[in-house]
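# Chains, contacts and geometry: an overview
Read off the chains here:
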Amino acid sequence: MSQRFTVTALSREGAAPGRPGAAAPHAPPDPLQSARTRGLPGEDGRAGGSYYMISRSLGPEFGGAVGLCFYLGTTFAGAMYILGTIEILLAYIFPAMAIFKGDDASGEAAAMLNNMRVYGTCVLTCMATVVFVGVKYVNKFALVFLGCVILSILAIYAGVIKSAFDPPSFPICLLGNRTLSRHGFDTCVKLVVEGNETVGSKLWELFCTSRFLNATCDDYFTHNNVTEIEGIPGAASGLIQENLWSTYLAKGVIVEKQGMPSVSPSDAPVDLDQPYVFSDMTSYFTLLVGIYFPSVTGIMAGSNRSGDLRDAQKSIPTGTILAIATTSAVWVAVAVALAVCKPLPWVTLVPLRFGEAVSGNLVVGTLAWPSPWVIVIGSFFSTCGAGLQSLTGAPRLLQAISRDGIVPFLRVFGHGKANGEPTWALLLTACICEIGILIASLDEVAPILSMFFLMCYMFVNLACAVQTLLRTPNWRPRFRYYHWTLSFLGMSLCLSLMFICSWYYALVAMLIAGLIYKYIEYRGAEKEWGDGIRGLSLSAARYALLRLEEGPPHTKNWRPQLLVLVRVDQDQNVAHPQLLSLTSQLKAGKGLTIVASVLEGTFLDNHPQAQRAEESIRRLMEAEKVKGFCQVVISSNLRDGMSHLIQSSGLGGLQHNAVLVGWPRSWRQKEDHQTWRNFIELVRETTAAHLALLVTKNVAMFPGNQERFAEGHIDVWWIVHDGGMLMLLPFLLRHHKVWRKCKMRIFTVAQMDDNSIQMKKDLTTFLYHLRITAEVEVVEMHESDISAYTYEKTLVMEQRSQILKQMHLTKNEREREIQSITDESRGSIRRKNPANTRLRLSVPEEQVGDGEEKPEEEVRNQSNVRRMHTAVKLNEVIVKKSQDAKLVLLNMPGPPRNRKGDENYMEFLEVLTEHLDRVLLVRGGGREVITIYS
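Residues numbered from 1 in each chain as written. Predicted model: local features only at pLDDT ≥ 70, side-chain atom pairs only at ≥ 80, totals over all residues. Heavy atoms only, no water.

Moving on, we get to the confidence of the model for the protein chain. Across the protein chain, the average pLDDT comes to 76, with 76% of residues at or above 70. Predicted confidence is poor over residues 1–46, with pLDDT under 50, and the contacts of this stretch with residues over four places away or in other chains come to 107 contacts. Taken together, the stretch residues 821–852 has pLDDT below 50 and engages in 51 contacts with residues farther than four places along the chain or on a different chain. (pLDDT = per-residue confidence, 0-100. Contact = heavy atoms within 4.5 Å.)

Okay, the packing of helix H15 (residues 446–470) against helix H16 (residues 484–501) next. At their nearest, the axes of H15 and H16 sit 8 Å apart, and the two run at 155° to each other. By the criterion of interaxial angle, the relationship of H15 to H16 is roughly antiparallel. Where H15 crosses over H16, the two elements pack in a sense that is left-handed. The segment H15 lies against H16, with Met451, Leu454, Met455, Tyr457, Met458, Asn461, Leu462, Cys464, Ala465, Thr468 and Leu469 engaging Trp484, Leu486, Ser487, Phe488, Gly490, Met491, Cys494, Leu495, Leu497, Met498 and Cys501. Taken together, the residues that form the contact of H15 with H16 break down as 18 nonpolar, four polar and no charged. (Axes fitted to C-alpha atoms, helices over the stretch in contact; angles between N-to-C directions. Helix = DSSP H or I, 4+ residues; strand = E, 2+ residues; numbered from the N terminus. Parallel < 35°, antiparallel > 145°, perpendicular 65-115°, else oblique. Left-handed = near helix turned anticlockwise from the far one by under 90°. Nonpolar A, V, L, I, M, F, W, Y, C, P; charged D, E, K, R; others polar.)

Right, let's get into the packing of aromatic side chains. How two aromatic rings sit relative to each other is given by the distance of their centres and the angle of their planes. Tallied over the full model, the rule gives 15 aromatic pairs. Taking the centre distance of 5.6 Å and the plane angle of 85° together, the rings of tryptophan 503 and tyrosine 504 count as edge-to-face. The exposure class of tryptophan 503 is exposed, given its relative accessible area of 52%. You can call tyrosine 504 partly exposed: its relative accessible area is 47%. Note on tyrosine 504 and tyrosine 505: the rings are 5.2 Å apart at their centroids and 40° apart in plane angle, and the pair reads as tilted. Here the basic side chain of arginine 178 rests over the ring of tyrosine 276, its NZ or CZ set 5.3 Å away from the ring centre. When the ring centre of phenylalanine 221 is taken as reference, the NZ or CZ atom of lysine 190 above it lies at 4.5 Å. (Phe/Tyr/Trp six-rings, centres within 6.5 Å; stacked < 30°, edge-to-face > 60°. Buried < 20%, exposed > 50% of the residue type's maximum accessible area, 1.4 Å probe, protein only. Lys NZ or Arg CZ within 6 Å of the ring centre and 35° of its normal.)

Take the sheet that holds strand E1 (residues 171–175) next. Paired through their backbone hydrogen bonds, the strands of a sheet run either parallel or antiparallel. Sheet architecture is open: three strands sit in the order E2-E1-E5, paired in antiparallel fashion. Edge positions in the sheet fall to strand E2 (178–179) and strand E5 (226–230), since each of these pairs with one other strand and no more. (Pairing = 2+ DSSP bridges.)

On inspection of all chains with the given rule, the structure shows twelve salt bridges. Measuring nitrogen to oxygen at the nearest pair gives 2.4 Å for the salt bridge that ties arginine 211 to glutamate 194. Placement of the pair is arginine 211 in the loop between helix H6 (202–207) and helix H7 (219–223) and glutamate 194 in strand E3 (residues 191–194), with a sequence separation of 17 residues. Connected via shared salt-bridge partners are Glu194, Glu205 and Arg211. (Salt bridge = Lys/Arg side-chain N within 4 Å of Asp/Glu carboxyl O.)

Here we take up the sheet that holds strand E14 (residues 887–891). Read from one edge to the other, the open sheet built from ten strands follows the order E8-E7-E6-E9-E10-E15-E14-E11-E12-E13, with strand pairing classed as mixed. Bordering the open sheet on either side are strand E8 (629–635) and strand E13 (775–781), each of which pairs with just one other strand. For this sheet, the mean inter-axis angle between neighbouring strands, taken without regard to orientation, is 20°. In this structure, strand E6 (residues 562–565) lies alongside strand E9 (residues 658–662), joined through three bridges in parallel fashion. Counterpart to leucine 562 in the pairing with E9 is alanine 658. Taken strand by strand, helix H20 (residues 603–623) contacts strand E7 (593–600) and E8, and its axis lies near 155° from that of E8.

Moving on, we get to the environment of valine 695. Mapping valine 695 onto the fold places it in strand E10 (residues 692–697). Spatially, the C-alpha atoms of valine 695 and valine 683 are 9.7 Å apart, while their sequence positions differ by twelve residues. Ignoring anything within four residues of it in the chain, the contact list for valine 695 reads Val661, Gly662, Trp663, Phe679, Met892, Val919, Leu920 and Leu921.

This next bit is on the pairing of E9. Burial analysis of E9 places four of its five residues in the buried class, the great majority of the element. Where E9 and E10 come together, five bridges link them in parallel fashion. Residue pairing for E10: alanine 658 is matched across the bridge by alanine 692.

Now for a positive patch on the surface. A contiguous patch of positive charge, built from Lys587, Lys625, Lys627, Arg708, Lys737 and Arg740, is present on the exposed surface. For arginine 708, the location among the structural elements is in the loop between E10 and strand E11 (713–718). (Patch = residues over 30% accessible without salt bridge, like charges linked within 9 Å, V, L, I, M, F, W, Y side chains within 5 Å. Areas by Shrake-Rupley, 256 points an atom, 1.4 Å probe, with all protein chains shown as cover. Lys, Arg positive; Asp, Glu negative; His and termini not counted. Charge placed at Lys NZ, Arg CZ, Asp CG, Glu CD.)

Moving on to the state of the cysteines. Here, disulfide denotes a covalent bond that connects the sulfur atoms of two cysteines. Within the structure shown, the criterion is met by two disulfides. In this model cysteine 173 forms its disulfide with cysteine 188; the gap between the sulfur atoms is 2.0 Å. Judged by the sign of its S-S torsion, about 75°, the bond between cysteine 173 and cysteine 188 is right-handed. Residue cysteine 173 is found in strand E1, and its partner cysteine 188 is found in the loop between E2 and E3; the two are separated by 15 residues along the sequence. A relative accessible area of 1% means that cysteine 173 is categorised as buried. Take cysteine 188: its relative accessible area is 11%, and that puts it in the buried class. The residue that forms a disulfide with cysteine 208 is cysteine 217, at a sulfur-sulfur distance of 1.8 Å. Taking the sign of the S-S torsion, 110° for the link of cysteine 208 and cysteine 217, the bridge is right-handed. For the residue pair cysteine 208 and cysteine 217, the accessibility class agrees, reading buried in each case. Look at the protein chain and number its bonded cysteines as they come in the sequence; the links are 1-2, 3-4. The closest cysteine sulfur to the non-disulfide-bonded cysteine 384 is located on cysteine 148, 9.6 Å from its own sulfur. Of the cysteine sulfurs around cysteine 494, a residue in no disulfide, the closest is that of cysteine 456, at 9.2 Å. (Disulfide = S-S within 2.5 Å.)

Shown next as structure tokens:
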């Protein structure tokens, strides 16, 4: 019944047939609505009804999932309404129309299903044709359906009033307190007189072996009397007090009348062949709620036709509230009417059907005045109207989803006739509805449809609550008494009702909605509707960022958060895409990734180029599956731009701690001298900012994400023991499928007077505690061959000690940390003269051993010679050991303090990495080392 009231309430507001989505002449446009979407079908706030509210409030994924589930529920509900129409037609109005007939009870049930399939298909075809012609005809029929429903309801109320002084005749035969079925006997007596002889009645023959008085009879039949009472005593009988409390029956028990005398002489089991009335199902509260709820699922049928309304903002709230109020009042009144007129055991036996208010209810039919046919005819037109409304609302809901384009394969159903009628969506709806009709018996399918409706109502309430809690400026409800707690209460009730009715059907419905959600998330089109989920994400991100600002992150939470500096060409395309491939391969750390670039010029002149570069970088990030953010800045020169990115990228606790950049290949060219100067300044700035620096050499030779190394090695040259960055990077790379089959080798450099055997043993133990599998090899070299790294190592050790002091560690903890990052703690270096060694390490490399002061130029030349000697010797050893390695990682020493030696520093790195295919130079930032040892 609720469906008719909903549509009528909406229709009285004035529909605009043939103009779906037409704008109200007096409705001003929303100033906050995007000009990009204003006026598009399905995006004007009128078409789609509940789907529109959910999708625009909770996002396209939630909207599409719940909208499609609601569409399926509405479509299959139309099939149930049509089947109810055919059942009324064949069972009560024209039984002779049945094409198939059965020989026995089971055959009659199967024949009835076949009849419903044939006639249901015919009725569906007729209804689909009416809807195809135009919604205005459905609106005209709605008035007829409403009139029939109102007459049926009035007939019930009139019958209840009449029963107060003239109850209807509805006799019930009782044996003791047990209800007897009328099948097999006509009079409710034990004995009858035939001629001059008293013999048993037909009821006697059902309980006794013969009609004669000396026959052997059932004990219960012998000790109890037969009584005939009125099944409907009437409104003046005072039954309301008896029916105030619930009485549930178990399956297979005899229906008994409370208060009637009964004698049970024995505990013998009840013969199921005896004419008792048995309960055919176990009744309990949750079951009755599940049976009741589908009859009120039409309260939002009008909102699905929001595109046909002249003023949807006024009609939908008014029609929905009136539908709820009217439906609730009618159902409560009918329940009270039954409780007033009938004893409770027979109230629970009312055969309610899905989508039918009173059809099949002979007990209610006997209350109708002036004739039970009013109920039968009213129920017939009621289910007809409900089926038409389902076939009208469901295609419009599907059309709105299709026009939004969030489900790619449904876009074809967004097209229709010139006036906007959803022709293709109607065709699909009719086909799905035909599937339900061919199933015929939908008792097992119907509960999941109720779950779809409840899920829709739940998410509508959730959308309202989310918009209120987020305090979004465009959420301005006109209902002045609205409060978010009402929506939260409604959402909680819907969720509770889903599990009360059937917890396993609730899980199935949620699983179906979840699968649709994940499909839309994976394959659906991107939509930016400013939904509430994004608002929640923004609020959560703000809260998390504020929490991160409360203190420095714990060392156990450290992970590489990369700032990737890329160069774009004149067409704003990334010059070296392999740099982003390497970034993707390092994503096992699950840290922050910011891909940035610098354009030279002024912002006003180069803003379009920056937008194109940003879009190009974003496309490449998507292709390389790099999860992160893109940033393009415009600066007067590249050096200042990179400096700004290093200083200001990120937000709060989400700031980068490592910089990834490519090696300047053409730095030797005279006209490109600024390139290597910018690179060295970048090294100095990352060192000053305590950031780790990763420099890729020969980046064009790095593998893409589609390549696979079937075998090979990742070699780590741990020349300066300045922390665990060199250990961490191969560990992350080997989590990616490109490097998964590569083995890790670690080469550490020892001086000739070191205990190499002990060094290898300690380093192997160290890797074991880190749970890193790698081959270890100690390479012995003369001190003069690695002298360029000596000063660097001393600075690193002093820097780490200062950091440990700032971390406020205890003395024991600080000693353990210092031991893990210095050569002495690992027992790897056994100096013959420790005092001289420590003194030598503390001497700056600009000084010479004899203590005599020499000219600055001569000192610098000696330093350069010493560096180049180190580079040549180290390169010879590295090439010999790692020439066939897939990747070589080695420490990157810092640039000299004197800027006049910058060019020699570049030459030093060039010679150091010569004849190596893929090199990753790593310079620690000073903080990541504590993490790797923690």
